[in-house]
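# Structure assessment
Each chain, written out:
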Amino acid sequence: ARGDSGLDSDTVIETLILKLPQEDYEQTFITIINWCRFGELLTYDEAREHVTIVTVPIASASAQQIQAGLSLRPYVDTARVMRLGGSPNKKELITKLCERMGTHSAITDVIGFTDAVLTREHATTTGVGNGVALPHAQLDSVGDFLVALAVVPEGCDFAALDGQPVYVVALIAAPQRDRPRYLRVLATVAAQLNRPEVRTKMLTAPDDEHVVVAFLS
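Residues numbered from 1 in each chain as written. Predicted model: local features only at pLDDT ≥ 70, side-chain atom pairs only at ≥ 80, totals over all residues. Heavy atoms only, no water.

## Focus on helix H5 (residues 110-123)
Relative to the 20 Å expected for 14 residues at 1.5 Å per residue, H5 spans 20 Å between its end C-alpha atoms, a close match to the ideal helical length. Taken as a whole, H5 has its buried residues at Phe113, Thr114, Val117, Arg120 and Glu121. Along the axis of H5, the buried positions cluster into a sector of 130 degrees, meaning they face one direction only. Facing away from the buried side of H5 by over 90 degrees, the exposed positions are Ile111, Thr119 and His122. (Helix = DSSP H or I, 4+ residues; strand = E, 2+ residues; numbered from the N terminus. Expected span 1.5 Å × (residues − 1). Buried < 20%, exposed > 50% of the residue type's maximum accessible area, 1.4 Å probe, protein only. Arc of directions from axis to C-beta.)

Right under this line is the structure:
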């Protein structure tokens, strides 16, 4: 990445994925993934929020592989669901969700993971709009892909891109060794929570099990 924003190419690509329009999601994601795997030149103009990309030729076999559907079921569990009352601030919400994520054996350094998520959040907000936030981090100390969910009926000020409160949060943890899958999980979660009916079902779910069912619906 080039420019004066201080954002590295990983952060720019993650931000692009979170902003993908749902109707163009699949093909656009394949293109972005291939930038990651085959090389890219990214110029980011922070003032205009404009990204210029020059791509290199890509291998069609890799695109076909990436196109395969991804189930989020292996990554979620009722043990990693929180329903929070009141209006917690961003740091409080992220810290609580990281602690809940840390009950899984794949998170071997809860403090390090929390710090990484907060550092990523400081670079650019993961409050993507429509009441959704997707904090995430990829670390060597994470043993497997995990997703933790929080619903906040009264909302949280997450400094979201649309300036509105966040009501549904999906925290994503990923090992450092598999960036293509990390981006795939991130993008699939973003697309799922872009559906209004999924968010509504999660917010009105009577218990943790129904939150998971709604998220996967």
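From this point on, the discussion continues.
## Some words on the side chain of Gln192
Within the fold, Gln192 resides in helix H6 (residues 179-193). The residues touching Gln192, leaving out its near neighbours within four places in the chain, are Leu72, Val198, Ala214, Phe215, Leu216 and Ser217. (Contact = heavy atoms within 4.5 Å.)

## Observations regarding the pattern of salt bridges
Close approach of charged atoms lets side chains of opposite charge pair. The tally for this structure, following the rule as stated, stands at four salt bridges. A salt bridge links Arg83 to Asp208; its shortest N-O distance comes to 3.2 Å. With Arg83 in strand E3 (residues 81-83) and Asp208 in helix H8 (residues 208-216), the pair connects residues that are 125 residues apart, well separated along the chain. Residue Arg83 is classed as partly exposed on the basis of its relative accessible area, which comes to 42%. Of the residues examined, Asp208 reaches a relative accessible area of 24% and is grouped as partly exposed. Among the salt bridges present, the one from Glu197 reaches Arg195, with a minimum N-O distance of 3.0 Å. Overall, Glu197 belongs to the partly exposed group, its relative accessible area being 38%. What makes Arg195 partly exposed here is its relative accessible area of 22%. (Salt bridge = Lys/Arg side-chain N within 4 Å of Asp/Glu carboxyl O.)

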